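Residues per chain, in single letters:
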Amino acid sequence: MDSALIPKGVKRCPLPVFAAGIAVVGAVVLWGVAGMLLCWLKGLNQTNMNDSYGFALWIWADLAVIAVGGGAFFTGFLRYIINKEELKNIVNFAVLVGVNCYVGALLILGIDVGQPLRGWFIFWHANVHSMLTEVAFCLSCYLGVLIIEYIPLVLENRQIDKVPFFHNLGHNMHEIMAVFAATGVFLSCFHQGSLGGVAGVLFGRPFSYREHLLVWPWTFFLFTWSAAAFGPCFTILCTKITEVITGKKLVKDNVIELLAKISGWMIFFYIIAKTTDTWYWAAHTAPAMGFELNDFYNNVLYGKWILYAEIIVGGFIPALILITKAGRRNPLLLWTAVLLATFGVCLNRWVMVCQTMAAPVLPFDKWVLYSPSWQEVSTTILPVALGIIVVSLSYRYLPVFPQEQELNPID
Amino acid sequence: MKVDTKQKKFGMAIDLDKCTGCGSCMVACMSENNVPFKKDETNKLDSITWIKVYKVTNDKKYPDTDLCYIPRPCMHCDGQHGHAPCVSVCPAVATDNDKSTGVVSQIYTRCFGCRYCMAACPYHARYFNWWDPVWPEGMEKYLSPNVSPRMRGVVEKCSFCFHRYQLAMDKAYVEGRRELREDEYQTSCTQACPAGAITFGDLNNPKHTVHKMVQPDNKHHGKPKNPKAFRLLERLGTNAKVYYLSDRKWVRKLGDNQTPNEESSKKH
C-alpha cells in the first residue's frame, strides 16, 4: 500500500503489521499525553515532587536523554570534522536518535515548569549568571542544528527526491553539513557542560558542588566529556535494538567497532577523570564545607553502592570491554558494554539531580526520599514512545542505514 | 531635599535561648503575607511556611536532655561576590538581591516555576505553589491588600515583610524624611514573638539593636564578632543576614556541619 514511499532495494514489513506496532506504541503515547494534560491543566500537584524535591524524575530524564543523545554531536564531529569516513554509515541514525532525545528533553521541560506559558521568560529576561539560561539557549539552538542535519535524510525519501528542488536542496545541504556539525559540536559542548554546571555551581549543596575553572565547575567539563563518551554507546545500543526488531543487520561490524573503540577510550579517560574528581571532592571540597564522604552515603537507598555502580559497573567495565578488540568483537560483550555504559551515564545524572536533593545539608535535617507519581512516569515515557514512532517511520520510509541494501540483498 | 544613598543591610537576630517554639511567628507571617494553606496540612513537605520552627535536641538522656527551637525564615543571603545561592541561578531574574536594602526579593509575575532556586537553597526557605490558593469562604476579605497572593506554579518565600518597608518609606517621604526610625520597619514575626526573641533592623547601622547584638564584621562577610552569635551553615559561604544567638554551646555547634576529625581535634 505504501510501497511507493519505501526506499528502493530494501524490504519492509507489511503495512498492517507496521500499523499494529505503531498502535501499541501509540497507546503508550496516549497514556503519556493523559499525564501531560493533567499536569498542564491541574498543575504540578499531580506529581510527587515537593519542596525538598523540586528537581526529580523529569530533570533526571532531561539530563539523561541529553547525555545519551550526545552520540549525535560526537558522531557528527568524528564524521565531518575528523573525517572518519566509515561513520557515514551510522551518522544518519545518530542524528535521528539525537533529534528524538532533544525533542523529548524540551517536551519534558515544557511539562516540568510551573508556568509553561511563561517559558519564554528564560530567553526574554535571561540571567547570564544562570547555567539554566545557557542550557536553554544552546539546547534550543542545537535542536535547530539537529533538525537541519535531519532534513537531508527526509529529502532522500523516494517521492520527495523526485522533486528537483528538494533533490538539489538535499545535495547542497550535504555539501555544507560540516559547518552544521561544527556548530553542533560548539553548542553541545556548552549545553552539555552547562547541564553539569547546573548542579556543580550549587554552593549551598555540598554533595554536588565542585571547584571552578574560571566560571565553570568541574562538572561542566565532566558532563560534556561523558556525553561525548557515552552518547555513541547509546547510538550503538539503539542500532542493535533496531537490528533485533527488524531481524536484519543494518550496519557493518567495522563501523560499530570503530565507534565502540572511540567510545571505549573516551569512557576510559572520562572515568579516570571522574574518579579523580570524586577523590578530590571527598578529600578536600566536601570537608571544607563540614562534610565527609560517609555523610552523603549513609542512607538506605543512597549508599556507597551507588558510587561503585556508577564508576566501576557503569564506567570501568564497559570502558575495558570496548577498548579491547576481543571485547568489542564479541556480540555478547558488546551488548553488555553498551548497556552498562548507558546505565552508568544515566546513573550519574540521577545522582547529580536526585541525590543532591535527597542529601541533608542542615545539621538537623534528614534525608528526603521520593518516588514519582504515574503522571511523572507516563510523561517521562512519552518522549521515548514518540521517539520509537519517529524512528520507526524514518526507518520505514527513509534510507537511514546506507549499508542496509548491501547487507540484505533482495533476491 | 537630600537623597539618601546609604546602603542598608536589613537583617535579623534570633535569640534561641528565648524562643519557646510557640509558633506565633509562623502564624503572624502567614496572616501578614497571605500565605496559602491546604485543607490537610499533614504533609509538611508541600506546606508553605515562610518561617518554619525546627525543634532540635542535644540527643542526651534525662536529666541532661535539652531542646531548642530554631525559627528559620529566608536567610536573605549575600552569598559570594554578592550572589546569593538562589539569585545567581534563577534563569529569568525572578529573584533579586537588592543592594540598597539587602533584601532578597521574589518577583512572582516573573517566576516561571523551574524551581532551580529551591534546589540551590540549603535552608529549604523557598516554597513552590503546588496548588492555586483557596481561602475558606469569607477569609478572602481578611487578606492583606499590601501583599499580592501567589498563583499556582511559582516559587515564594519570606520577603522580610518588604511591603512594610515600602509603606514606611512612603510615610517618611510624605513627612520629608529619607531615613526610617528603627521601629518604623519591623517584620511581622518580630512583632508577634511574645518572648521578644526576634530582633530586626539594619545590620549596617551601629545604632540599631540588631547590629549591637551581632556585631557583624563586614570585612569578613558579616561574620559575627559576638562569640554567642552564629549563622546557619556559615561554612558554605551563603553569607546570611539572619543570625542566631545562644549561650548553649551545643546549640551553636548545631548551626553548622563538622567532620568527625574536626570535632576530635577541637576536643584535644
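Quick caveat, the model's predicted, so the values are computed rather than measured. (Residues numbered from 1 in each chain as written. Chains lettered and ligands numbered in written order. Predicted model: local features only at pLDDT ≥ 70, side-chain atom pairs only at ≥ 80, totals over all residues.)

Points about the overall build of chain A
Filter applied, for reference: Secondary structure elements are defined from DSSP: runs of H or I of at least 4 residues count as helices, runs of E of at least 2 residues count as strands, and each element is numbered from the N terminus. Every radius of gyration here is taken over C-alpha atoms, with the globule rule written as 2.2 Å times N^0.38, N being the number of residues. Field definition: a residue is buried when 20 or more other C-beta atoms are found within 10 Å of its C-beta, exposed when 12 or fewer are, and partly exposed for counts in between, with C-beta atoms placed from the backbone. The contact rule is simple: place each C-beta atom from the backbone, and if two of them lie within 7 Å, those residues are in contact.
Looking only at helices and strands, one finds 17 helices and 2 strands in chain A. In summary, chain A has a C-alpha radius of gyration of 22 Å against a globular reference of 22 Å for 411 residues, a match within 12%. Its C-alpha atoms give chain A principal-axis dimensions of about 70 × 50 × 35 Å. A buried classification covers 49% of the 411 residues belonging to chain A. Taking as baseline every contact in chain A between residues at least 6 positions apart, the subset at least 24 positions apart corresponds to 80%.

Some details on the interface of chain B and chain A
Contacts between chain B and chain A engage 45 residues on the former and 38 residues on the latter. Of all elements in the fold, only strand 2 (52-57), helix 2 (85-89), helix 3 (116-120) and strand 6 (127-128) of chain B reach the threshold of two or more residues within the side of chain B that touches chain A. Ranked by residue count, the leading element in the side of chain B that touches chain A is helix 3 of chain B, at 4 residues.

Overview of the packing of helix 4 (residues 91-112) of chain A against helix 10 (residues 218-246) of chain A
Residues and elements named next belong to chain A. Inclusion rule: The axes are straight lines fitted to the C-alpha atoms, using for helices just the contacting stretch, and the angles between their N-to-C directions are given from 0 to 180°. An angle below 35 degrees is treated as roughly parallel, one above 145 as roughly antiparallel, one from 65 to 115 as roughly perpendicular, and anything else as oblique. Think of it as three bins: nonpolar holds Ala, Val, Leu, Ile, Met, Phe, Trp, Tyr, Cys and Pro, charged holds Asp, Glu, Lys and Arg, and polar takes everything else, Gly as well.
One can describe the packing of helix 4 onto helix 10 by two numbers: an axis separation of 10 Å at closest approach and a directional angle of 100 degrees. On the basis of the axis angle, helix 4 is roughly perpendicular to helix 10. Between helix 4 and helix 10, the residues in contact are Phe93, Ala94 and Val97 and Phe234, Thr235, Cys238 and Thr239, respectively. Of the residues that constitute the contact of helix 4 with helix 10, the class distribution is 5 nonpolar, 2 polar and no charged.

Description of the environment of B:Ile70
Residue and element names in this part refer to chain B. By secondary structure assignment, the location of Ile70 is in strand 3 (residues 67-72). Judged by the 21 C-beta atoms lying within 10 Å of it, Ile70 falls in the buried class. Expressed as a C-alpha distance, the spacing of Ile70 and Val53, which sit 17 residues apart in the sequence, is 5.3 Å. Residue contacts for Ile70: discarding those within four places in its chain leaves Leu16, Val53, Tyr54 and Val56.

What about the environment of A:Val185?
All names here are of chain A. Here Val185 shows up in helix 9 (residues 177-200). Judged by C-beta crowding, with 19 C-beta atoms within 10 Å, Val185 ranks as partly exposed. Taking the C-alpha atoms as reference points, Val185 and Asn50, separated by 135 residues in sequence, lie 36 Å from one another. Beyond its immediate sequence surroundings of up to four residues, Val185 is in contact with Phe73, Phe77 and Ile81.

Digging into unusual backbone geometry
Residues and elements named next belong to chain B. Residue Pro63 is reached from Tyr62 by a cis peptide bond, and omega for that bond is 15 degrees. Note that Pro63 resides in the loop between strand 2 and strand 3. The phi angle at Phe160 is positive, at roughly 55 degrees, despite the residue not being glycine. By the element assignment, Phe160 lies in the loop between strand 7 (155-156) and helix 4 (162-174). Positive phi outside glycine occurs at Asn239, with the angle close to 55 degrees. Examined against the element boundaries, Asn239 turns out to sit in the loop between strand 11 (229-230) and strand 12 (242-245). Judged by C-beta crowding, with 22 C-beta atoms within 10 Å, Asn239 ranks as buried.

Section: the confidence of the model for chain A
Short version of the rule: The pLDDT value expresses, per residue, how confident the predictor is, ranging between 0 and 100.
Across chain A, the average pLDDT comes to 93, with 100% of residues at 70 or higher. For chain A, per-element mean pLDDT is lowest for helix 9 of chain A, which scores 88, and highest for helix 13 (residues 305-323) of chain A, which scores 97.

Things to note about the pairing of strand 12 of chain B
All names here are of chain B. Put simply, the rule reads: The rule for pairing is simple: two strands pair if DSSP sees at least two bridges between them.
The alternating pattern of strand 12 places Val242 and Tyr244 and Tyr243 and Leu245 on opposite faces, both of which are buried. Where strand 1 (residues 10-15) and strand 12 come together, 4 bridges link them in parallel fashion. Its bridge partner lying in strand 12, Ile14 is registered against Tyr244. With 2 bridges joining them, strand 11 and strand 12 adopt antiparallel strand pairing. What sits directly across from Phe230, in strand 12, is Tyr244.

Describing helix 4 of chain B
So the rule is basically this: Helix span, as expected, comes to 1.5 Å for every residue beyond the first.
Helix length check: helix 4 of chain B, at 13 residues, gives a terminal C-alpha distance of 19 Å against a target of 18 Å (1.5 Å per residue), a fit within 8%. Immediately downstream of helix 4 of chain B, the backbone of B:Gly176 shows phi near 80 degrees, a positive value.

Considering the sheet that holds strand 11 of chain B
Within the open sheet, the 4 strands sit side by side as 8-1-12-11 (chain B). Their pairing is mixed. Lying at the two open borders of the sheet, with one neighbouring strand each, are strand 8 (198-202) and strand 11 of chain B.

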